[in-house]
Amino acid sequence: MKEKVGLVSYIVYQYLLLLVLMTINKLLFVYVNIPLKDRGDYGDYIGSFEYGLIFDSALSSYILLGSLVIYTFYKVLSAIRLEMVGRHLYYLYCFAIGIIFFSIMILDIWYYNTFNHHADISIFGYTGHMNEIWSTFWMEYPVIKIILWILLTVVTYTACSIINFNKVTNRNLKFNFLEIIKSSLIIIVAIPIFVISARGGITGATLTWGRAEFSQNYFANQTALNGVFALFQSVDVNRSMEKRNADSIKKRFTSEELQTNIRGYLTQPQDTYLPGKNVLRRVTDTQKPIIKPNIVMVLMESFMGANVGVLGYEPDLTPNYNRLAKEGIIFKNIYSTGKRSNRGVVSAITGYPSSYGQALIKKAVAGRRTFYSIPDILKDRGYETSFYYGGDIEFDNMKAFLVRNGIDEIYDVKSFSKEDKIIAWGVPDDKVFDKMSDDLKGMKQPFFTEVFTLSNHSPYDIPEKFKTHSKKEYPKMYKKYDGVAFADYAIGRFTDSIKDEEWAKNTIFVFVADHGANRSVPIEIDWKKFTNPLLIWSPNKKLIKPQMVETLGSQADVLPTLMGILGGEYEHSTWGQNLLSKGGKKEFAYVVDTQYVGIIDKDYIYIEDIVGKKDKLLSKENNKEVENIDLKNYRKKTRTFLELSIEQEKEGTFGK
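Residues numbered from 1 in each chain as written. Predicted model: local features only at pLDDT ≥ 70, side-chain atom pairs only at ≥ 80, totals over all residues. Heavy atoms only, no water.

Participant: Sorry if this is basic, but what is going on with the overall build of the chain here?
Facilitator: A tally of helices and strands in the chain yields 17 helices and 15 strands. Evaluated residue by residue, the chain yields a buried proportion of 57% over its 656 residues. Of the contacts made within the chain by residues no fewer than 6 positions apart, 74% connect residues no fewer than 24 positions apart. Counting every atom, the chain has about 29,000 Å² of accessible surface; 57% of that belongs to carbon and sulfur. (Helix = DSSP H or I, 4+ residues; strand = E, 2+ residues; numbered from the N terminus. Buried < 20%, exposed > 50% of the residue type's maximum accessible area, 1.4 Å probe, protein only. Contact = heavy atoms within 4.5 Å. Areas by Shrake-Rupley, 256 points an atom, 1.4 Å probe, with all protein chains shown as cover.)

Participant: Even after reading the chapter, I still don't get the sheet that holds strand S1 (residues 271-273), so can you show me in this structure?
Facilitator: Across a sheet, strands are paired by hydrogen bonds formed along the backbone, either parallel or antiparallel in direction. Taken in spatial order, the three strands line up as S1-S2-S11 in an open sheet, and their pairing is antiparallel. Whereas interior strands pair on both sides, the edge strands pair on one side only; in this sheet they are S1 and strand S11 (569-572). Geometrically, the sheet is characterised by an average inter-axis angle of 25° between neighbouring strands, direction not taken into account. Here strand S2 (residues 282-285) runs beside S11; their pairing, made up of four bridges, is antiparallel. Among the inter-strand pairings, threonine 284 is bridged to a residue of S11, identified as tyrosine 570. (Pairing = 2+ DSSP bridges. Axes fitted to C-alpha atoms, helices over the stretch in contact; angles between N-to-C directions.)

Participant: Got a minute to help me understand helix H2 (residues 46-79) in this structure?
Facilitator: With 34 residues, H2 should reach 50 Å at 1.5 Å per residue; the first-to-last C-alpha distance of 48 Å fits that figure. A positive phi of about 65° marks arginine 81, the residue just after H2. (Expected span 1.5 Å × (residues − 1).)

Participant: Just to check I follow, could you spell out the nonpolar core for this structure?
Facilitator: In globular proteins that are soluble, nonpolar side chains generally tend to be buried together. Within the largest apolar cluster, 129 residues are counted, with the highest numbers of intra-cluster contacts made by Ile63, Tyr157 and Trp575. The leading source of residues in this core is helix H3 (residues 83-115), at 13 residues. In contact with tyrosine 157, other than residues within four places in its own chain, are Gln14, Leu17, Leu18, Leu21, Ile63, Cys94, Ile97, Gly98 and Phe102. (Core = buried A, V, L, I, M, F, W, Y, C linked by side-chain atoms within 4.5 Å.)

Participant: I tried to follow the packing of helix H1 (residues 7-33) against H3 on my own but got confused; where do I start?
Facilitator: Packed helices, taken two at a time, are described by the angle their axes make and the gap between the axes. At a closest axis distance of 9 Å, the pairing of H1 and H3 adopts a crossing angle of 20°. Looking at the two axes, H1 sits roughly parallel to H3. In the packing of H1 onto H3, the handedness of the crossing is right-handed. Where H1 abuts H3, its residues Tyr10, Gln14, Leu18, Leu21, Met22, Asn25, Leu28, Phe29, Val32 and Asn33 lie against Tyr90, Phe102, Met105, Ile106, Asp108, Ile109, Trp110, Tyr112 and Asn113. (Parallel < 35°, antiparallel > 145°, perpendicular 65-115°, else oblique. Left-handed = near helix turned anticlockwise from the far one by under 90°.)

Participant: For this particular structure, what's the right way to read the packing of aromatic side chains?
Facilitator: Each aromatic ring pair is specified by the distance between its two centres and by the angle formed by the two planes. This model, assessed by the stated rule, comprises 36 aromatic pairs. A ring pair is formed by phenylalanine 101 and phenylalanine 232, whose centres lie 5.8 Å apart and whose planes are at 70°; its orientation type is edge-to-face. With a gap of 131 residues between them, phenylalanine 101 in helix H3 and phenylalanine 232 in helix H8 (residues 227-245) connect regions that are remote in the sequence. By relative accessible area, which is 39% here, phenylalanine 232 ends up partly exposed. Between phenylalanine 447 and tryptophan 503, the aromatic rings sit 6.0 Å apart at their centres with planes inclined by 50°, giving tilted as the arrangement. Of this pair, phenylalanine 447 sits in strand S7 (residues 447-452) while tryptophan 503 is found in the loop between helix H15 (478-498) and strand S8 (507-513), placing the two residues 56 residues apart along the sequence. For tryptophan 503, a relative accessible area of 3% corresponds to the buried category. Directly above the aromatic system of tyrosine 273 lies the positively charged group of arginine 263, at a separation of 4.0 Å from the ring centroid. Directly above the aromatic system of tryptophan 527 lies the positively charged group of lysine 620, at a separation of 4.6 Å from the ring centroid. (Phe/Tyr/Trp six-rings, centres within 6.5 Å; stacked < 30°, edge-to-face > 60°. Lys NZ or Arg CZ within 6 Å of the ring centre and 35° of its normal.)

Participant: Sorry if this is basic, but what is going on with the pairing of strand S13 (residues 596-600) here?
Facilitator: The side chains of a regular strand alternate, first on one face of the sheet and then on the other. For S13, the buried fraction is high: five of the five residues fall into the buried class. The alternating pattern of S13 places Tyr596, Gly598 and Ile600 on one face and Val597 and Ile599 on the opposite face, and all of these are buried. In the sheet, strand S12 (residues 589-593) pairs with S13 via five bridges, with the strands oriented antiparallel. Looking across to S13, one finds that aspartate 593 is bridged to tyrosine 596. Counting the residues that bridge the hairpin from S12 to S13 gives two residues, and of these threonine 594 lies at a positive phi of roughly 55°. In this structure, S13 lies alongside strand S14 (residues 604-609), joined through five bridges in antiparallel fashion. Within S14, the residue paired with valine 597 across the bridge is glutamate 608. Between S13 and the antiparallel strand that follows it, S14, lie three residues.

Participant: Before we go on, may I ask you to explain the sheet that holds S13 in this structure?
Facilitator: The antiparallel open sheet is built from four strands, whose spatial order is S12-S13-S14-S15. Of all the strands in the sheet, just S12 and strand S15 (614-619) have a single pairing partner and so form its edges. Along the sheet, successive strands turn relative to each other by an average axial angle of 20°, direction set aside.

Participant: I tried to follow the pattern of salt bridges on my own but got confused; where do I start?
Facilitator: Any two side chains of opposite charge can pair, so long as their charged atoms come close to each other. Applying the stated criterion across every chain yields a total of 27 salt bridges. Notably, a salt bridge pairs lysine 339 with aspartate 593, separated by 3.3 Å at the nearest N-O pair. Placement of lysine 339 in the loop between strand S4 (329-335) and helix H11 (341-350) and of aspartate 593 in strand S12 is noted, with a sequence separation of 254 residues between them. Among the ionic pairs, lysine 467 bridges to glutamate 464, the shortest N-O distance being 3.2 Å. Taking relative accessible area as the criterion, lysine 467 reaches 39% and is therefore assigned partly exposed. Among the charged side chains, a network of salt bridges with common partners joins Arg252, Glu608, Arg639 and Glu643. (Salt bridge = Lys/Arg side-chain N within 4 Å of Asp/Glu carboxyl O.)

Below, the structure written as structure tokens:
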């Protein structure tokens, strides 16, 4: 007796079955949760199903990978006369998958109805209160209908799966070598296909919730996101954090004490705090008239201050940057808040510090809260907003974060021709600057545009003529130095090409790095790695008057400093200050580096090891530990920033 259908047909049937059932439940999700204002107008939700297919396909791939494993066991058991054991193992697998996956998917529909976001790991924090949860659920929701729908979906999936499985198998226990070879080849080909699908495609970024942020319509984005995927990713992120953090962080301050502490560090005379859960939400009156020049922010990949000549470091790799510094406002003592792009992207435009553990931009809570950001504030003043990047904008959830926080138009590697994609990460800086400068000529003013550079990133795919530093002279840094030199060239080429343009004469340019670069210095927090040159420049000297600012600060100070130049009143919740204001300078930077958090001030770097539960103070002069200095104030500053950021992320009180 021959098999009724082939293994390939079985895989296709199962894949389509899963997609159909997930789509039906997505329709139910829309029906139950769609905002009243959108009922009758479903135009935005076409994209929900298009982007949702990515998540549904990924989840289906995981399930089918399990099916293929069970199918393999079935074949092995059949060969040793245990065919019925293998068959019932498959039946059990289908029923278990149906119960687990579709119960979560359907219950998530009503969870969203209550909380306005998909279920995440926080639901496991209420397992000790099941009586209250069940009572609430029974009173507020159509429990009988939900249970019946779950059973109908599970039975449909299980029954169809069993039918499909029976079609691809038979009870002929005769050993068939050719059949085994054929099935093995199909499985070998299918597995990498499913792995690619589970990752969300062939891309530099693995699939995250951020891929669902395709529009400005929050509910449409949430509809695209598969509830099962959202929950499992939340669990995975938390698992990674727990593994990294080793132990939970024990609080030293109450919420009231944190509020008092943080306001004591950050408050300036122009600030008026607003009521609400975000203790840093305030209105700042710059006491200056509003001006509306264009703003171009250049977020420079790994452009560490310790490579910048104008800041006094050697070797001097930045002749073009040095020249611009003499023509603008150069801040000599600025630091990054973290060591990765996924921290710098957030801090530079929101004034929020680097989070401990997993980057905030990758957490689901970042998709449910909007920051006060530079582009968001400027949009309220009539600005157009855009973002340029030569790589994959999906990487590290950048696209989702930017869309949620004020960026309207995004141009990434897909916006360039194949001829421009000449480096491993995508498009080199000079070509990205060329496209942006061409676009800005015709852009409606005033505008805010941010460009994130890329070339100064390993593997440093830069032209040969910039590879001038020898391995012999700089054994660990020569490639990085070449990358910095090319980044400096690209900046100089860009500013020279646009300085006489009419739009540029009404533009303020902000140059800041996302983070520094590893210098292989054997200390817990290498403070020089965190040095971050901040430069505000304009070809119009009426907008920016050249000066050098010694005030110590961080990326968190960029937003209030820029808004201080632009004038007027603005609402925000930054963890920074206007570095050009005379009042209330905190004169320290809070930094996070893996398991270490710290404070950098004028003379010292304080380091607290969260995992090792110890701390110390180093001299910036020689990186040697300093004795006989009371660490009480350093501990208070560090713990205030650490504990408040954790509290705000947990409760979602960091934004508006």
